[in-house]
There are 2 protein chains.
Amino acid sequence: MPMTGTAARVEAGRLRGFTARAMLALGLPADDADSVAALMTEADLQGSEGHGVFRLPQYARRIRAGGVNTNPKIRIIEERAGMALIDGDNGMGHLVMKRAAEIAIAKARVTGIAWVGSRFSNHAGPASLYARMPLAQDMIGLYFAVGNANHLPPWGGIDMLISTNPIAAAFPGGAEPPIVLDMATTVAAYGKVKTKAQRGEAMPEGWMVDRDGRPLTDPNRSDEGFLLPLGGMEAGYKGFGLALVIGLLAGTLNGAAMGKEVIDFNNDSSSVTNTGQAIMAIDLSAFGPIESFKARLDALARDLRAARRMSGVEKISLPGDNSRAARIRNAREGIPVAPALMAELAKLAGELGIATL
Amino acid sequence: MPMTGTAARVEAGRLRGFTARAMLALGLPADDADSVAALMTEADLQGSEGHGVFRLPQYARRIRAGGVNTNPKIRIIEERAGMALIDGDNGMGHLVMKRAAEIAIAKARVTGIAWVGSRFSNHAGPASLYARMPLAQDMIGLYFAVGNANHLPPWGGIDMLISTNPIAAAFPGGAEPPIVLDMATTVAAYGKVKTKAQRGEAMPEGWMVDRDGRPLTDPNRSDEGFLLPLGGMEAGYKGFGLALVIGLLAGTLNGAAMGKEVIDFNNDSSSVTNTGQAIMAIDLSAFGPIESFKARLDALARDLRAARRMSGVEKISLPGDNSRAARIRNAREGIPVAPALMAELAKLAGELGIATL
């Protein structure tokens, strides 16, 4: 019985207000509670359903278990003209990455490009939230993160030592919308597995395999196998390589957790995760006239969209199209919240003594 | 009848000398001829068999057809503290990217990270050649390139508008060898298709499909289909997204060819390709003690290699292992040159009036 049909749609402002109330009650300063709520609601608006309010019960559990610092002193610990390494002091990842993006943008304005890495950060929601931040400054944004639970072994192995380490990249267009890629380096992100479990749906074959390499389709048995890296059984060594490289850039380089140091935050609410992320900003104006770049992107996007199609394909989509369509629909109709999650949020409201959603 | 069994093995120095003679005879200055020959031989040594001397007949054809400038004035046309955009003046890509890497390394020493993009460059061989260059300076190298022929359509389309745009990343280890990823964003690189054709071998299913989405295994029919992006039929939209992002960074950002502007250098020897590439250098010392990073990489690499294995898997490999093994073997036993290629090289030597291999 699919449960999605009964999902309530909640107006974005209401969801944001509820999330801010919850964060405030959990001990965050008012400004920080607002910032986190705004970014979590952005995640929901753009259809990143595994990364918005869906995570609130988990975040609350971690904060109440002492696993997250509600009053962090986020500070720069290494710095050069084109880079910074920041220590998030175990604060909410959204706050750490928002600061990282601000620093990267300010530096890129001077040096043309800039890179900011983090240690002692936490889960920050969808990668594209942060890759998109430079867009408004006519900059390209790149984002890399170490995921918060290991779901895949090295290629050929069965010990899960690598996460679904995501990459995101955002490019400003002129008349055309921005191109925004946001992808886990596995065939499916683990958030999608959790959503399937929440909805009581089976996973398609190819998302996960068990320790003998057999397809695993029951999301409630996800502990018994691992996600397949991008490329699947045939070329998954490439997806594994990408996940490793992203983890080296976002984790190892920053002195953040990587490999066996990664805390499974689905099963551990109190340990410091030492999450690592990295954001890069590339100032278009350093490469020539901004309008020339945008005109080139527009022409390319139009050529790609106008390509002849395989039979059965209705239209050619570019990265970012789905999230933009979700944003339009969710802003108008409200953000879908599944019944099970709605019940969890009501329970949380009761525990925190705040007004329900 | 497999032809690989009869491949001669040629000592690397001999191959390099021959290639340098050919480049000199084709009009390159002696220093440039040596540089190109050294990098092409490096490609062969590391087992990038589609990117070394295999390409010499094609390079010669392009140079003789006026498609490559043998005396380029490679110059910086845009510059900030952390970046440069260089115009390769249509010179050999190896020369342009060697210069790009040198500039990126020098800048990263000051700003911590640096990015150098190119326009009016050309095919430069395997991506990892350039990503590896910062390693000796205790820097991480990243490399992105627009491929020199479009082999895949946008996801769902049939017009080939995107190349196999490769990405490479190299990380220095301490006691452990460096981790070096070098991958095309397709299931297989087009160079591998060419090698299969040269050897008279069929391709495995999953490398290419025809315009109706059916598997294509005859490498001589590669014109009738396209390469599948990483992820294959199931999640190829991710591989397409990666190829697009790499093309935006290496091509569109630099004012280099991308999309329909890309010249198919397999079928066109005289048009200026306006090839775009980008290299990034990340100075480890900007992020803390270099030895700390190397110790973290070593520990991670050892953990990954020590993972328990799926049945039938003899050992866990990390990115860079295969090319290192090839280098050891090829340095000792010589570089394999297939009979068909050997005949082509003999013919080229005759045409150029140089001593044969």
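All residue numbers here refer to positions counted from 1 along the written sequence of the relevant chain. Labels are handed out in written order, letters beginning with A for the chains and numbers beginning with 1 for the ligands. Where local features are concerned, this predicted model is filtered to residues with pLDDT of at least 70; where side-chain atom pairs are given and counted, the filter is 80 or more; whole-chain, interface and lining totals use all residues.

**Some remarks on the domain arrangement of chain A**
Residue and element names in this part refer to chain A. Each domain's extent is set by a domain assignment, obtained either automatically or from a database. For chain A, the assigned domains are domain 1 (1–64 + 323–357) and domain 2 (71–187 + 228–306). Note on contacts: residues are paired as contacts if their backbone-placed C-beta atoms lie within 7 Å. Across the contact, 14 residues belong to domain 1 and 13 residues belong to domain 2. Strands are runs of DSSP state E lasting at least 2 residues, helices are runs of H or I lasting at least 4, and numbering of each runs from the N terminus. Counting residues per element, the ones that place at least two in the side of domain 1 that touches domain 2 are helix H2 (30–45), helix H3 (56–64) and helix H9 (321–333).

**Some words on the interface of chain A and chain B**
Contact residues are listed per partner, giving 61 residues for chain A and 61 residues for chain B. Of all elements in the fold, only strand S2 (75–80), strand S3 (83–87), helix H4 (93–111), strand S4 (113–121), strand S6 (167–171), strand S7 (179–183), helix H7 (232–250) and helix H8 (290–305) of chain A reach the threshold of two or more residues within the side of chain A that touches chain B. In terms of residue class, the side of chain A that touches chain B is made up of 35 nonpolar, 16 polar and 10 charged. For this classification, Asp, Glu, Lys and Arg are treated as charged, while Ala, Val, Leu, Ile, Met, Phe, Trp, Tyr, Cys and Pro are nonpolar and the rest, including Gly, are polar.

**Some thoughts on the pairing of S4(A)**
Residue and element names in this part refer to chain A. Counting buried positions along S4 gives nine out of nine residues, so the element sits mostly inside the fold. We treat two strands as partners when DSSP finds at least two bridges between them. Relative to S4, S3 runs parallel, the two sharing five bridges. Each bridged residue has a counterpart across the sheet, and for Ala84 the counterpart in S4 is Val116. Look down the strands so they point away from you; if the path from the first strand over the helix to the second goes clockwise, the crossover is right-handed. Each parallel crossover has a hand, and the one from S3 via H4 to S4 is right-handed. Sheet topology places S4 next to strand S11 (residues 275–283); seven bridges connect them, and they run antiparallel. Within S11, the residue paired with Trp115 across the bridge is Met280. Here a residue counts as buried when 20 or more other C-beta atoms fall within 10 Å of its C-beta, as exposed when 12 or fewer do, and as partly exposed in between; the C-beta atoms come from the backbone.

**Examining the packing of helix H2 (residues 30–45) of chain B against helix H4 (residues 93–111) of chain B**
All names here are of chain B. Put simply, H2 and H4 touch, their axes get as near as 9 Å, and they point 90° apart. If you check the angle between H2 and H4, you find them roughly perpendicular. Two secondary-structure elements touch here, H2 through Asp32, Ser35, Val36 and Leu39 and H4 through His94, Leu95 and Lys98. Across the contact of H2 with H4, the residue classes break down as three nonpolar, two polar and two charged. Axes here mean lines fitted to C-alpha atoms, for a helix over just the part in contact, with angles spanning 0 to 180 degrees between N-to-C directions. In these notes the angle categories are as follows: under 35 degrees is roughly parallel, over 145 is roughly antiparallel, 65 to 115 is roughly perpendicular, and the rest is oblique.

**A look at the sheet that holds strand S11 (residues 275–283) of chain B**
Pairing between the strands of a sheet comes from backbone hydrogen bonds, and it takes one of two forms, parallel or antiparallel. Residue and element names in this part refer to chain B. Read from one edge of the open sheet, seven strands run S2-S3-S4-S11-S5-S6-S7, paired in mixed fashion. Each edge of the open sheet carries a strand with a single partner, namely strand S2 (75–80) and strand S7 (179–183). Averaged over all adjacent pairs, the angle separating strand axes in this sheet is 10°, with direction ignored. Pairing of strand S5 (residues 139–145) with S11, which is carried by seven bridges, proceeds in the antiparallel orientation. Looking at the pairing, Leu142 lines up with Met280 of S11.

**Overview of the relation of the copies chain A and chain B**
The copies are overlaid by a least-squares fit using only the C-alpha atoms of residues whose pLDDT is at least 70 in both copies. For the pair chain A and chain B, the best superposition has an RMSD of 0.0 Å and corresponds to a rotation of 180° with a translation of 0.0 Å parallel to the axis. What the rotation and shift describe, once combined, is the action of a two-fold rotation axis. When each C-alpha of chain A is compared by its distance to the rotation axis, Gly231(A) comes out closest, at 2.1 Å. When the interface residues of chain A are mapped onto chain B, 100% of them are again interface residues, pointing to one common binding face.

**Here's the deal with unusual backbone geometry**
All names here are of chain A. A positive phi angle, near 60°, is found at Asn90, a position not held by glycine. With respect to the helices and strands, Asn90 occurs in the loop between S3 and H4. Positive phi is not limited to glycine here, since Phe120 has a value of about 50°. Accessibility expressed as a C-beta count within 10 Å gives 24 for Phe120, which makes it buried.

**Focus: H4(B)**
Residues and elements named next belong to chain B. Between the first and last residue of a helix there are one fewer steps than residues, each counted as 1.5 Å, and that sum is the expected span. For H4, built from 19 residues, the straight-helix expectation of 27 Å at 1.5 Å per residue is met to within 8% by its first-to-last C-alpha distance of 26 Å. The element H4 is extensively covered by neighbouring structure, given that 14 of its 19 residues are classed as buried. Where H4 ends, the next residue or the one after it, Gly112, has phi of about 95°, a positive value.

**Structural notes on the sheet that holds S11(A)**
Residue and element names in this part refer to chain A. If you trace the seven strands from one edge of the open sheet to the other, you get S2-S3-S4-S11-S5-S6-S7, paired in mixed fashion. The sheet is open, and its two edges are formed by S2 and S7, each paired on a single side. Averaged over all adjacent pairs, the angle separating strand axes in this sheet is 10°, with direction ignored. Across four bridges, the pairing between strand S5 (residues 139–145) and S6 is antiparallel.

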